[in-house]
Amino acid sequence: MKKIFAFFLIGFISIMNLFGQNHSLGIISGLNVSNQTSNVLDDSENRKGIIGGVCYEFSFPNSLTLGIDALFSQKGFQANTLPNSTSVESIGLDSKINYLSLPLKLGYKTGEDFLGFIKIGLIPSFLQTIDSEL
């Protein structure tokens, strides 16, 4: 069994080296600043969160690229008062919303010494958790 596994592993590594120039795999991370604007909340503030995950991109020989990412994103907002409230006191609301996003991208790249690119795509996102505190 070990010999069969080693044979397939060596074959897979050899094939990946053959197509290695066409594939890109990486890690993405950063700061996500989000807010909500509506007529329900008068004064909402930005919520800072993280965004991060993995990305994959395939490059075709004619300068086209096709990519997909898997990203975890923290979004939400913070509000101090609610509009049209009869009470005088301030209400603090901290809303934390987490998503799993799977951006699908189609791109075009050009240049040899200096690489330029443009990408367009769709970002389907799936709600993971909602946590609101008063």
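Residues numbered from 1 in each chain as written. Predicted model: local features only at pLDDT ≥ 70, side-chain atom pairs only at ≥ 80, totals over all residues. Heavy atoms only, no water.

## A look at the environment of Asn46
Residue placement: Asn46 occurs in strand 2 (residues 44–59). In this view, Asn46 contacts Val33, Ser34, Asn35 and Gln78; residues no more than four positions away in its chain are not counted. Within the structure, the side chain of Asn46 is placed 3.2 Å from the side chain of Asn35, a separation counted as a polar contact. (Helix = DSSP H or I, 4+ residues; strand = E, 2+ residues; numbered from the N terminus. Contact = heavy atoms within 4.5 Å. Polar contact = N/O pair within 3.5 Å; in protein donor to acceptor, adjacent residues only side chain to side chain.)

## Quick word on unusual backbone geometry
What is expected of a backbone is that most residues other than glycine have negative phi and most peptide bonds are trans. We note that Ser63 has phi near 75°; this positive angle belongs to a residue other than glycine. Mapped onto the elements of the fold, Ser63 is located in the loop between strand 2 and strand 3 (64–79).

## Description of the confidence of the model for the protein
The predicted model of the protein averages 80 in pLDDT, with 70% of residues at 70 or higher. When mean pLDDT is compared element by element in the protein, strand 5 (residues 104–110) scores highest at 94, while helix 1 (residues 2–18) scores lowest at 60. (pLDDT = per-residue confidence, 0-100.)

## Re the pairing of strand 3
Pairing of strand 2 with strand 3, which is carried by twelve bridges, proceeds in the antiparallel orientation. For Glu57, the partnering residue across the bridge sits in strand 3 and is Gly67. Counting the residues that bridge the hairpin from strand 2 to strand 3 gives four residues, and of these Ser63 lies at a positive phi of roughly 75°. With five bridges connecting them, strand 3 and strand 5 associate as antiparallel partners. In the sheet register, Gly67 faces strand 5, and the bridge partner there is Lys105. (Pairing = 2+ DSSP bridges.)

## Structural notes on the environment of Leu66
Looking at where Leu66 falls in the secondary structure, it is placed in strand 3. Once the C-alpha coordinates of Leu66 and Gly121 are considered, the two residues, 55 residues apart in sequence, prove to be 9.6 Å apart. Discounting residues that sit within four places of it in the chain, Leu66 has contacts with Tyr56, Glu57, Phe58, Phe60, Lys105 and Leu106.

## Brief notes about the pattern of salt bridges
Within this structure, the stated rule accounts for two salt bridges. When the shortest N-O distance is used, the salt bridge between Lys119 and Glu57 registers 2.6 Å. In this pair, Lys119 sits in strand 6 (residues 116–122) while Glu57 sits in strand 2, placing the two residues 62 residues apart along the sequence. Residue class for Lys119 comes out partly exposed when judged on its relative accessible area of 38%. Here Lys105 makes a salt bridge to Asp69, at a shortest N to O gap of 3.1 Å. Separated by 36 residues along the polypeptide, Lys105 in strand 5 and Asp69 in strand 3 bring together distant segments of the chain. (Salt bridge = Lys/Arg side-chain N within 4 Å of Asp/Glu carboxyl O. Buried < 20%, exposed > 50% of the residue type's maximum accessible area, 1.4 Å probe, protein only.)

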